[in-house]
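# Descriptive structure summary
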Amino acid sequence: MTDQDHPARRLLLVHAHPDDESINNGATMAKYAAEGARVTLVTCTLGEEGEVIPPALAHLAADRDDTLGAHRIAELAAAMKELGVTDHRFLGGPGRFRDSGMMGTPQNHREGAFWAAPVDEAAAYLVEVVRSVRPQVLVTYDPDGGYGHPDHIQAHRVAMRAADLAADPDFRPDLGAPHTIAKIYWNRVPRTYAEEGFARLRATAVGFSATAAVDDVPGVVDDARITTEIDGAPYAGAKTAAMRAHATQIVVEGGFFALSNHLGQPVLVTESYELVRGERAAGGRETDLFAGVAP
Ligand SMILES: [Zn+2]
């Protein structure tokens, strides 16, 4: 790699399926890309088991043509264009790991399912990315994956394991020089912010048949656990455009959206995080994921 490939600030995000990045971190990704940071997205599966919202595309689903994965590669590329992110990859290459479906389904254990993959084997692919990109900051999910989906739990395990292995000089020297990630964050949503969003949704005549509940939102925690928040207001348009690009998975209406369950939720413009490794900047909540990181 050349020096041009290594801007001063480098952010790595690890997600389970195409669309998770835009919902959770769309504004953050757009902000850092616009500011000239290198933003690298690694998506662990193609989301082949997702439900399909538009009736005209229903044939793509896993129980019909099973071609949703290829379609979602294109959706993700369109979303990244909206966010200005050029470095997006699939863990081990597109299709290396398959969407494991919801917890408790037979898809959890089918050949190639991400949930069934040994963590170290999957992590090795990510170690190669970490040692090449050399990010100071990693963003992923909490140990529950935010809401218990097997691929989200596995993405957490793989990301945290890869962070350790990438720093270990004895692990696979063939994958590049060791690199220690300075700060690791988990995606969070402060409870009061989610509550405000749902109150706004209930007060607005938006055409969703019903609304989701605060606890349906992945990563909701008591406000006190939030260490860091990114004001995404300047990037709200980019975030909603990116979410809209995942058209098989998301319907966006104004500042609200629904997944295939058709339950309305607020688009969260402020994106919140919990720092779980590394030095927290002094003062109140951090407003920059790179706060305190030496360039
Ligand atoms: Zn997901």
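Residues numbered from 1 in each chain as written. Predicted model: local features only at pLDDT ≥ 70, side-chain atom pairs only at ≥ 80, totals over all residues. Heavy atoms only, no water.

By the naming in an unreviewed UniProt entry, the chain is 1D-myo-inositol 2-acetamido-2-deoxy-alpha-D-glucopyranoside deacetylase, taken from Streptomyces enissocaesilis. Of the chain, the UniProt comment under Function (unreviewed entry) reads exactly: "Catalyzes the deacetylation of 1D-myo-inositol 2-acetamido-2-deoxy-alpha-D-glucopyranoside (GlcNAc-Ins) in the mycothiol biosynthesis pathway." Annotation of the chain in UniProt includes, under Sequence similarities (unreviewed entry), the sentence "Belongs to the MshB deacetylase family." (UniProt positions renumbered as here; feature names shortened; annotations may be inferred.)

## Some words on the pairing of strand β1 (residues 10-15)
By the criterion of burial, β1 is predominantly enclosed, with six of the six residues buried. With burial as the criterion, each face of β1 is covered, one bearing Arg-10, Leu-12 and Val-14 and the other bearing Leu-11, Leu-13 and His-15. Assessed by its sense of winding, the connection that carries the chain from β1 through helix α1 (residues 20-34) to strand β2 (residues 38-43) is right-handed. Here three bridges tie β1 to strand β4 (residues 137-140), and the two strands are oriented parallel to one another. The partner of Leu-11 across the bridge, within β4, is Val-137. (Buried < 20%, exposed > 50% of the residue type's maximum accessible area, 1.4 Å probe, protein only. Helix = DSSP H or I, 4+ residues; strand = E, 2+ residues; numbered from the N terminus. Right-handed = clockwise from strand over helix to strand, strands pointing away. Pairing = 2+ DSSP bridges.)

## Overview of the coordination of the zinc ion
Taken together, His-17 (ND1), Asp-20 (OD), Asp-20 (OD) and His-152 (NE2) make up the protein donors of the zinc ion, found 2.0 to 2.5 Å from the metal. Of note is the zinc ion, whose four donor atoms meet at the metal with angles of 55 to 143 degrees in an arrangement that counts as irregular. Read from N- to C-terminus, the donor residues coordinating the zinc ion fall into the pattern H-x2-D-x131-H. With Asp-20 in helix α1 and His-152 in helix α4 (residues 150-167), this residue pair connects regions lying 132 residues apart in the sequence. Judged by relative accessible area, His-152 falls into the buried class, the value being 2%. (Donors = N, O, S within 2.8 Å, 3.2 Å for Na, K, Ca; no water. Tetrahedral: all angles 85-135°; square planar, octahedral: opposite > 155°, others 65-115°.)

## Focus: the side chain of Thr-228
Tracing the backbone through its elements, the reader meets Thr-228 in strand β8 (residues 228-230). Of the polar contacts made by the side chain of Thr-228, one reaches the side chain of Glu-286; its length is 2.7 Å. Sequence-distant contacts of Thr-228, that is, excluding residues within four places in its chain, are made with Tyr-185, Glu-271, Ser-272, Tyr-273, Arg-285, Glu-286, Asp-288 and Leu-289. (Polar contact = N/O pair within 3.5 Å; in protein donor to acceptor, adjacent residues only side chain to side chain. Contact = heavy atoms within 4.5 Å.)

## A look at the pattern of salt bridges
Side-chain pairs of opposite charge can arise whenever the charged atoms involved come near each other. Throughout the structure, instances matching the rule amount to 19 salt bridges. Of the charged contacts, one joins Arg-72 and Asp-19 as a salt bridge, the two residues approaching to 3.6 Å between their closest N and O atoms. With Arg-72 in helix α2 (residues 68-83) and Asp-19 in the loop between β1 and α1, this residue pair connects regions lying 53 residues apart in the sequence. Arg-98 serves as the salt-bridge partner of Glu-49, at 2.7 Å between the closest nitrogen and oxygen. Remark: Arg-98 occurs in the loop between β3 (87-90) and α3 (119-133) and Glu-49 occurs in the loop between β2 and α2; sequence separation between them is 49 residues. Residue Glu-49 is classed as buried on the basis of its relative accessible area, which comes to 18%. Take Arg-98: its relative accessible area is 11%, and that puts it in the buried class. Counted as one network, the salt bridges with shared partners bring together Asp-142, Arg-188, Arg-225 and Glu-274. (Salt bridge = Lys/Arg side-chain N within 4 Å of Asp/Glu carboxyl O.)

## What to know about α3
For α3, with 15 residues, the first-to-last C-alpha span of 21 Å sits near the 21 Å given by 1.5 Å per residue. Tyr-125 marks the point of greatest bend in α3, at about 25 degrees. Ala-122, Ala-123, Ala-124, Leu-126, Val-127, Val-129, Val-130, Arg-131 and Val-133 are the residues of α3 that are buried. Tucked inside the fold, the buried residues of α3 contact β1, β2, β3 and α4. (Expected span 1.5 Å × (residues − 1). Bend = angle between axes of the 7 residues up to and from the residue.)

## Digging into the UniProt feature "binding site: Zn(2+)" (unreviewed entry) in the chain
Summarizing the sequence annotation, UniProt attributes the feature "binding site: Zn(2+)" (unreviewed entry) to His-17, Asp-20 and His-152 in the numbering used throughout. A maximum C-alpha distance of 9.4 Å among these annotated residues, which run over 136 residues, shows that they cluster at one spot. Looking at the secondary structure, you find His-17 in the loop between β1 and α1. Taking the relative accessible area as the measure of exposure, His-17 reaches 6% and is therefore buried. When near neighbours in sequence (up to four residues on either side) are disregarded, His-17 contacts Thr-43, Thr-45, Gly-47, Arg-72, Asp-99, His-149, Asp-151 and His-152. Excluding anything up to four places from it in sequence, His-152 contacts Ala-16, His-17, Asp-20, Tyr-141, Gly-145 and Tyr-147.

## Topic: the packing of α1 against helix α6 (residues 236-245)
Contact pair α1 / α6: the axes reach a minimum separation of 8 Å and the direction vectors enclose 140 degrees. Comparing their axes, α6 and α1 come out oblique. Two packed elements cross with a definite hand, and for α1 against α6 that hand is right-handed. Counted together, Ser-22, Ile-23, Asn-24, Gly-26, Ala-27 and Ala-30 of α1 and Ala-238, Lys-239, Ala-242 and Met-243 of α6 form the full contact between these two elements. Partitioned by chemical class, the residues of the contact of α1 with α6 number six nonpolar, three polar and one charged. (Axes fitted to C-alpha atoms, helices over the stretch in contact; angles between N-to-C directions. Parallel < 35°, antiparallel > 145°, perpendicular 65-115°, else oblique. Left-handed = near helix turned anticlockwise from the far one by under 90°. Nonpolar A, V, L, I, M, F, W, Y, C, P; charged D, E, K, R; others polar.)

## Comments concerning helix α5 (residues 191-202)
Here α5 spans 17 Å end to end across twelve residues, near enough to the 16 Å set by a 1.5 Å rise per residue. Next to the buried residues of α5 lie β5 (183-190), β6 (210-211), β7 (220-221), β10 (256-258) and β11 (263-266).

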